[in-house]
Amino acid sequence: MIHTEVFADYTAARDMRPKAGTRSEHVRELIEEGIATGSFPPGMRLDEMELALRFNVSRTPLREALFQLASAGIVVMQPRRGTVVAEVTPHRLVEMFEVMGELEALCARLSARRMSARDHQRLLEAHRACERAAQAMDPDAYYYQNEQFHQLIYDGSHNGFLREQATALHRRLRPYRRLQLRVRDRLPTSFREHEGVVEAIIAGDADLAAQRMREHVVVQGQRFADLIASLAGLHRESKQPANVR
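Residues numbered from 1 in each chain as written. Predicted model: local features only at pLDDT ≥ 70, side-chain atom pairs only at ≥ 80, totals over all residues. Heavy atoms only, no water.

A. Expanded view of the sheet that holds strand S3 (residues 82–85). Ordered by their spatial adjacency, 3 strands build an open sheet running S1-S3-S2, and the pairing between neighbours is antiparallel. The open sheet is flanked by strand S1 (45–46) and strand S2 (75–78), the only strands paired with a single partner. Alignment of S2 against S3, held across 4 bridges, turns out to be antiparallel. Considered in S3, the bridge of glutamine 78 is made with glycine 82. Across the sheet, helix H4 (residues 59–71) lies against S1, S2 and S3, angled at about 110 degrees from S2, the strand it touches most. (Pairing = 2+ DSSP bridges. Helix = DSSP H or I, 4+ residues; strand = E, 2+ residues; numbered from the N terminus. Contact = heavy atoms within 4.5 Å. Axes fitted to C-alpha atoms, helices over the stretch in contact; angles between N-to-C directions.)

Below, the structure written as structure tokens:
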């Protein structure tokens, strides 16, 4: 069952989100957010009727949203069991972030070579929006501004195939990228890392841009331990009865 109280922690954040282009995209974002915040833990079955009632949508946009999530690997559609939140092992998560780091490093490398002055201006605007969210210590607002920041670097590579691949894996890792922003001190650290990437791109230093972006994306050491601990904590909380919350 999906309980009303598990949505209370992100109702306010929902208002800050950029508006989805379609109803199904909006529903997809809500489900992604529920996964990121632990409302829908790994292995949980997503009941279509309950979700349709919760989000006040018909079954058609809901199913479209679930198909989008399934195509990204965030949920799995199983015979007789229905749609289930995908379970990712720590080892698999490391592998995915390693590949993401290399894809984004290449995007940053090409952006340092190919971005125009107008591209630089857009990147700086997105960077300052991240700064405002970081200063406010608002992980939800930072998450959405951070998405825009990274997307501009994918676009700045001026390589359509690379942009598509980076965007697809970024989408697959959305719940985990969002969750790590809730780790203590991650917002100001993330912003400082952005600063280094922006400086290298604008300076046209392709090698440095790639190196700094790779270090920014790949989760390892204490940062990975914090992410795994956060995932475990959310999973434990999701299994507690309502009167324990």
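B. Representation of the packing of aromatic side chains. Counted according to the given criterion, the structure contains 1 aromatic pair. Over the ring of tyrosine 143 we find arginine 178, and its NZ or CZ is 4.6 Å from the ring centre. (Phe/Tyr/Trp six-rings, centres within 6.5 Å; stacked < 30°, edge-to-face > 60°. Lys NZ or Arg CZ within 6 Å of the ring centre and 35° of its normal.)

C. Main features of the pattern of salt bridges. Within the structure shown, the criterion is met by 17 salt bridges. Measuring nitrogen to oxygen at the nearest pair gives 3.3 Å for the salt bridge that ties aspartate 47 to arginine 45. A salt bridge links glutamate 48 to arginine 63; the shortest N-O distance between them is 2.8 Å. Of the two residues, glutamate 48 is situated in helix H3 (residues 48–55) and arginine 63 in helix H4; the sequence distance between them amounts to 15 residues. Each of Arg28, Glu32, Glu147 and Arg174 takes part in a single network of salt bridges with overlapping partners. (Salt bridge = Lys/Arg side-chain N within 4 Å of Asp/Glu carboxyl O.)

D. Expanded view of the pairing of S3. Here 2 bridges tie S1 to S3, and the two strands are oriented antiparallel to one another. Bridge assignment links leucine 46 to a residue of S3, and that residue is threonine 83. Two successive antiparallel strands, S2 and S3, enclose a turn made up of 3 residues, where arginine 80 displays a positive phi of approximately 70 degrees.

E. View of unusual backbone geometry. With a phi close to 70 degrees, arginine 80 is a non-glycine residue in the positive phi region. Checked against the element boundaries, arginine 80 lands in the loop between S2 and S3. Even without glycine at this site, histidine 158 takes up a positive phi of about 55 degrees. As for its position among the elements, histidine 158 is in the loop between helix H7 (139–156) and helix H8 (160–172).

F. Main features of H3. Buried residues of H3: Glu48, Leu51, Ala52 and Phe55, and no others. Seen along its axis, H3 keeps its buried residues to an arc of 100 degrees; they face one direction. Seen from the buried face of H3, the exposed residues on the opposite side, beyond 90 degrees, are Met49 and Leu53. Against the buried residues of H3 lie helix H2 (23–36), S1 and H4. The residue sitting at the N-terminus of H3 and contributing the capping side-chain oxygen is aspartate 47; that oxygen lies 3.1 Å from the backbone nitrogen of methionine 49. (Buried < 20%, exposed > 50% of the residue type's maximum accessible area, 1.4 Å probe, protein only. Arc of directions from axis to C-beta. Polar contact = N/O pair within 3.5 Å; in protein donor to acceptor, adjacent residues only side chain to side chain.)

G. The arrangement of H7 in detail. In this model, H7 (18 residues) spans 25 Å end to end at C-alpha, consistent with the 26 Å of a helix rising 1.5 Å per residue. Of all 18 residues in H7, 13 are buried; the element is thus mostly enclosed. Where H7 begins, one side-chain oxygen reaches toward the backbone nitrogen of aspartate 140, 3.2 Å away; that side chain belongs to aspartate 138. Within two residues after H7, histidine 158 carries a phi angle of roughly 55 degrees, on the positive side. (Expected span 1.5 Å × (residues − 1).)

H. Representation of the environment of leucine 208 in the model. Along the chain, leucine 208 falls in helix H11 (residues 206–217). With 103 residues separating them in the primary sequence, leucine 208 and alanine 105 have C-alpha atoms 9.5 Å apart.

I. How the structure looks around the environment of arginine 113. By the secondary structure assignment, arginine 113 is in helix H5 (residues 90–114). For the pair formed by arginine 113 and isoleucine 201, sequence separation is 88 residues and the distance between their alpha carbons is 7.8 Å.

J. Broad picture of the packing of H5 against H11. Where H5 meets H11, the closest approach of the two axes is 7 Å, and the angle between their N-to-C directions is 150 degrees. Classified by the interaxial angle, the pair formed by H5 and H11 is roughly antiparallel. The two elements H5 and H11 cross, and the hand of that crossing is right-handed. Of the residues in H11, those in contact with Phe97, Met100, Gly101, Glu102, Glu104, Ala105, Ala108, Arg109, Ala112 and Arg113 of H5 are Ala206, Asp207, Ala209, Ala210, Met213, Arg214 and Val217. Residues belonging to the contact of H5 with H11 are distributed by class as follows: 10 nonpolar, 1 polar and 6 charged. (Parallel < 35°, antiparallel > 145°, perpendicular 65-115°, else oblique. Left-handed = near helix turned anticlockwise from the far one by under 90°. Nonpolar A, V, L, I, M, F, W, Y, C, P; charged D, E, K, R; others polar.)

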